[in-house]
Amino acid sequence: MKKTFCMTLALIFTLALSACGKTDSPAPAVSGNVPSDTSVVAVPPSDGQQNQPISQAGTSCTFDPALFGGKLQSCAYAGNGTLLVLADKLYLYDTGTSSVLATAEAPLRDFEAQAIDGGYVLSGMDDSGMMVYIYDSSLSLNKEIAVNELLQGDFVVSETGGVAASTDGKKLVFTAMGGLYLYDLGSGSLTTLLDVAQNAGTASIRVSMLNGAAFAQDNSQIVFFGSGSSIPAVDGEEGFSIHGSIAVDGSGLKLTKPSGYEMEEMQSSVSRLFFPQTFTQADGTLLWVDRATGSANTLSFSAGGEGKDGVYSSEQGNYVATAVLGSNLTVRVYDVASGELIATEVIEDSDSTYFNRIPRIYLLDEAKTAVVVLGGSISEIDTLVSTFEFGA
């Protein structure tokens, strides 16, 4: 879902470090090298992990807010267990070695990120509209694109999924009010793949709006989602959610109407694309598409209304977490391939403000570790970071 993110919590650790899934004992307040507006909660490890060294516990993950200045706001996957962390500036952080690999000035207040060959693509809205920033692996800025200026009369309105990059970093795709566009970074050419004004669609479905897209099948296809209407028109029928695909040369358009399923957004992982439902319609299921084959599948959660408080895919796409908000936060983690519920974690705090907003949850596949960020978007309170292990 389109998330608005959200504990004042006193710092109670001598080390502002939470080793993911490993115990750190609480201690008196630290002396000053930890930002006063970011706190860490250590979650007890599962049985058998209490005294096990990280080097013997498999791939490790450590999240250390002491390395980031100011208020920690959010993170994004950067590939191979690294995260892009937004605080007073942009940090490239290695969770395996607990080290900052690079920094840059933060270009946007909020953004989406994608790792590409040799760097990263960040996209998000500023006062002028959708912007794209292309960085190399050391966070040096290579290119800046004002997307709405490039589209000349059309514009991207979706903050999530409005821009996607091919994994080789050679092409971008834009989902705008008027259609779907492919942009070649090398030549600077812009191609219209779908034109909504020209009744783009198939024999039975017309595309009404496009909300997000991603490259698939080794960058040869683009998968997208949005809304559509029936051909011929059906009396009394309202628009409905659709997902589809089209080749980068504009051929082979396919459109699918998931029966009774209203999609809110598309989340991209390395292997899968996930389509969480609109929170008012959440029925405990999650539609996902295999990025290599294009096949569609459904994951069922353990409760009927689960998913309305947030759905979060892992970096590689092997796992999905759900948030269940109330007087605390319950996080459930599922194995996508088997559909099994593999972990349930309850996060509590005396300040209920943290549980009035949907959190941000990041799942690291190799380390099988969840990083939960609460309060990142609320200026009046400190950010809380909690970590826990899931799976065997």
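Residues numbered from 1 in each chain as written. Predicted model: local features only at pLDDT ≥ 70, side-chain atom pairs only at ≥ 80, totals over all residues. Heavy atoms only, no water.

**Q** Can you walk me through the overall build of the protein in this structure?
**A** In terms of regular secondary structure, the protein is built from one helix and 30 strands. The proportion of buried residues among the 392 residues of the protein is 52%. Of the roughly 16,400 Å² of accessible surface on the protein, a fraction of 47% belongs to carbon and sulfur atoms. (Helix = DSSP H or I, 4+ residues; strand = E, 2+ residues; numbered from the N terminus. Buried < 20%, exposed > 50% of the residue type's maximum accessible area, 1.4 Å probe, protein only. Areas by Shrake-Rupley, 256 points an atom, 1.4 Å probe, with all protein chains shown as cover.)

**Q** Looking at this structure, I do not really get the nonpolar core. What am I missing?
**A** When a protein is soluble and globular, its nonpolar side chains tend to lie buried together. Core analysis: the biggest nonpolar cluster contains 39 residues, and Phe-63, Val-85, Val-333 and Leu-363 have the highest contact counts within it. When neighbours within four sequence positions are excluded, Val-333 is seen to be in contact with Tyr-319, Val-320, Ala-321, Glu-340, Leu-341, Ile-342, Ala-343, Leu-363, Phe-388 and Phe-390. Formed by 20 residues, the second largest nonpolar core is a distinct cluster that contains Phe-274, Leu-287, Val-311 and Tyr-334. (Core = buried A, V, L, I, M, F, W, Y, C linked by side-chain atoms within 4.5 Å. Contact = heavy atoms within 4.5 Å.)

**Q** Is there a simple way to explain a nonpolar patch on the surface in this structure?
**A** A contiguous nonpolar surface patch, about 330 Å² in accessible area, is contributed by Phe-155, Val-157, Met-177 and Met-209. Take Val-157: it is sitting in the loop between α1 (147-151) and β12 (163-165). (Patch = residues over 30% accessible without salt bridge, like charges linked within 9 Å, V, L, I, M, F, W, Y side chains within 5 Å. Salt bridge = Lys/Arg side-chain N within 4 Å of Asp/Glu carboxyl O.)

**Q** Help me understand the packing of aromatic side chains in this model?
**A** Centre distance and the angle of the planes are the two values used to describe a pair of aromatic rings. On inspection of all chains with the given rule, the structure shows nine aromatic pairs. A centroid spacing of 5.3 Å and a plane angle of 80 degrees characterise the contact between Phe-68 and Tyr-93, whose relative ring orientation is edge-to-face. Placement of Phe-68 in the loop between β3 (62-63) and β4 (74-79) and of Tyr-93 in strand β6 (residues 90-94) is noted, with a sequence separation of 25 residues between them. Classification of Tyr-93 by relative accessible area gives buried; the value is 0%. Ring geometry for Tyr-77 versus Tyr-362: centroids 6.1 Å apart, planes at 90 degrees, classification edge-to-face. Placement of Tyr-77 in strand β4 and of Tyr-362 in strand β28 (residues 360-364) is noted, with a sequence separation of 285 residues between them. (Phe/Tyr/Trp six-rings, centres within 6.5 Å; stacked < 30°, edge-to-face > 60°.)

**Q** Is there a simple way to think about the sheet that holds strand β9 (residues 119-126) in this case?
**A** Hydrogen bonds between backbone atoms are what pair the strands of a sheet, whose relative direction is either parallel or antiparallel. Within the open sheet, the four strands sit side by side as β8-β9-β10-β11. Their pairing is antiparallel. The open sheet has two edge strands, β8 (112-116) and β11 (141-146), and neither has a second partner. Averaged over all adjacent pairs, the angle separating strand axes in this sheet is 15 degrees, with direction ignored. Relative to strand β10 (residues 129-136), β9 runs antiparallel, the two sharing eight bridges. (Pairing = 2+ DSSP bridges. Axes fitted to C-alpha atoms, helices over the stretch in contact; angles between N-to-C directions.)

**Q** Which parts of the structure should I look at to understand the sheet that holds strand β22 (residues 285-290)?
**A** Taking strand neighbours across the sheet as the criterion, the four strands line up as β20-β21-β22-β23 in an open arrangement whose pairing is antiparallel. The open sheet is flanked by β20 (267-268) and β23 (296-300), the only strands paired with a single partner. Here five bridges tie β22 to β23, and the two strands are oriented antiparallel to one another. By the bridge assignment, Trp-288 is partnered in β23 with Asn-297.

**Q** How do you make sense of the environment of Thr-353 when you look at a structure like this?
**A** Turning to its location among the elements, Thr-353 is positioned in the loop between β27 (341-347) and β28. The exposure class of Thr-353 is partly exposed, given its relative accessible area of 28%.

**Q** Explain unusual backbone geometry here, please?
**A** Note that the residue after Ile-231, namely Pro-232, is joined by a cis bond; omega there is -5 degrees. Within the fold, Pro-232 resides in the loop between β17 (221-230) and β18 (240-247). Despite not being glycine, Gln-217 has its phi angle at roughly 45 degrees, a positive value. One can find Gln-217 in the loop between β16 (205-216) and β17. When its relative accessible area of 30% is taken as the criterion, Gln-217 is described as partly exposed. Of note, Lys-368 is a non-glycine position whose phi angle comes to about 50 degrees, a positive value. Within the secondary structure, Lys-368 is located in the loop between β28 and β29 (369-374). For Lys-368, a relative accessible area of 26% corresponds to the partly exposed category.

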